[in-house]
Amino acid sequence: MMIFAFFLLGGLAGIFAWLYIDRFIPNLQQEIYQNYIELYPENRPIFHSEKAAIQSQKCGHIFLYFLGFGLCFAVLDYFLQDELFTLWLAITLSLLFVISWLDWHYQLISPTPCLLLFFLGLFGAHQKFSILTLSQSLESAVNFFSVFYIIYYLSKWFYKKEALGRGDYWLSLGIGAYLTITHLPLFLFIACLLGIIVYGISRKPVLPFAPFLCLSLIITSAINVIYWQHWKILCLKDRCKASP
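Summary of the structure given here. Computed from a predicted structure; not experimentally measured.

1. Some remarks on helix α5 (residues 134-159)
Move 1: The terminal C-alpha atoms of α5 lie 37 Å apart, and with 26 residues this matches the ideal 38 Å at 1.5 Å per residue to within 8%.
Move 2: Listed as buried for α5 are S137, S140, A141, F144, F148, Y152 and S155.
Move 3: After α5 finishes, the residue K160 shows a positive phi value of roughly 65°.

This is how it looks when you write it as structure tokens:
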């Protein structure tokens, strides 16, 4: 019964994700138009969305999102057997998917899902879903943001253009809430390696970085969990040997 409930909950999350992705560009067009009117109220042009420089792309049928997200939520609940942890992990993966999809197709990252990811990471640390404490999660998020912020301006100064987008350092704020600063080298290495592999296969002139950052977060977290479980097993064995 609980698995079916999570399937329906995942389906609702999939519908919400589809609506957000589908309306992302039209909402962005309207926001740009409204800002233009506020700056130049005397020159109010007629807005034609079909003539805008950025156009919406097909994001698939809404039923596929309902089915895909629903199955993801249900499978996680089946294997994890912890409702609150499952909900936290499933929403995290949903946010990573939305961020990756938008950046892959539009090379745009909205700060809103990144901030949601950040607060979700802090919530997970508070509930002890990760190995980070709440203070460690907050400190790591600030450190990740600072590192990417510095990289952004250094690369912009060196290449005389944006080599790293502004949205990437907002994304790093959310990612930092899940990883410690000691994981940053491994995290960046995996993200860059994935980017190089995909570039070698696709040969696209420009590749968005957010999908590789999100995938690197999943891989780095999985490695961290495996290492943590292995360390606890070794400690348990040492205690058993030490006990008379």
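2. What about helix α1 (residues 2-39)?
Move 1: A rise of 1.5 Å per residue sets the reference length of α1, with its 38 residues, at 56 Å; its end C-alpha atoms lie 52 Å apart and thus fit the reference within 8%.
Move 2: F24 marks where α1 bends most, by close to 45°; the proline P26 follows one to four residues later.

3. Re the state of the cysteines
Move 1: Inspection of every chain in the model, using the stated rule, returns zero disulfides.
Move 2: Just so you know, C214 is unpaired, no disulfide at all, and the nearest cysteine sulfur is the one on C114, 8.0 Å from it.

4. A word on unusual backbone geometry
Move 1: One non-glycine residue, Q81, lies in positive phi territory at about 55°.
Move 2: Mapping Q81 onto the fold places it in the loop between α2 (62-80) and α3 (83-106).
Move 3: When its relative accessible area of 58% is taken as the criterion, Q81 is described as exposed.
Move 4: A positive phi is found at Q107, a non-glycine position, where the angle reads about 55°.
Move 5: By the element assignment, Q107 lies in the loop between α3 and α4 (111-126).
Move 6: With relative accessibility at 41%, the residue Q107 sits in the partly exposed group.

5. A look at the side chain of D103
Move 1: The topology assignment puts D103 in helix α3.
Move 2: On the basis of relative accessibility, which here comes to 5%, the residue D103 falls in the buried class.
Move 3: Among the polar contacts listed, one links the side chain of D103 to the backbone nitrogen of A210, at a separation of 3.0 Å.
Move 4: Once residues lying within four places of it in the same chain are set aside, the contact partners of D103 are L108, I109, P208, F209, A210 and P211.

The rules behind each value
Residues numbered from 1 in each chain as written. Predicted model: local features only at pLDDT ≥ 70, side-chain atom pairs only at ≥ 80, totals over all residues. Heavy atoms only, no water. Helix = DSSP H or I, 4+ residues; strand = E, 2+ residues; numbered from the N terminus. Expected span 1.5 Å × (residues − 1). Buried < 20%, exposed > 50% of the residue type's maximum accessible area, 1.4 Å probe, protein only. Bend = angle between axes of the 7 residues up to and from the residue. Disulfide = S-S within 2.5 Å. Polar contact = N/O pair within 3.5 Å; in protein donor to acceptor, adjacent residues only side chain to side chain. Contact = heavy atoms within 4.5 Å.

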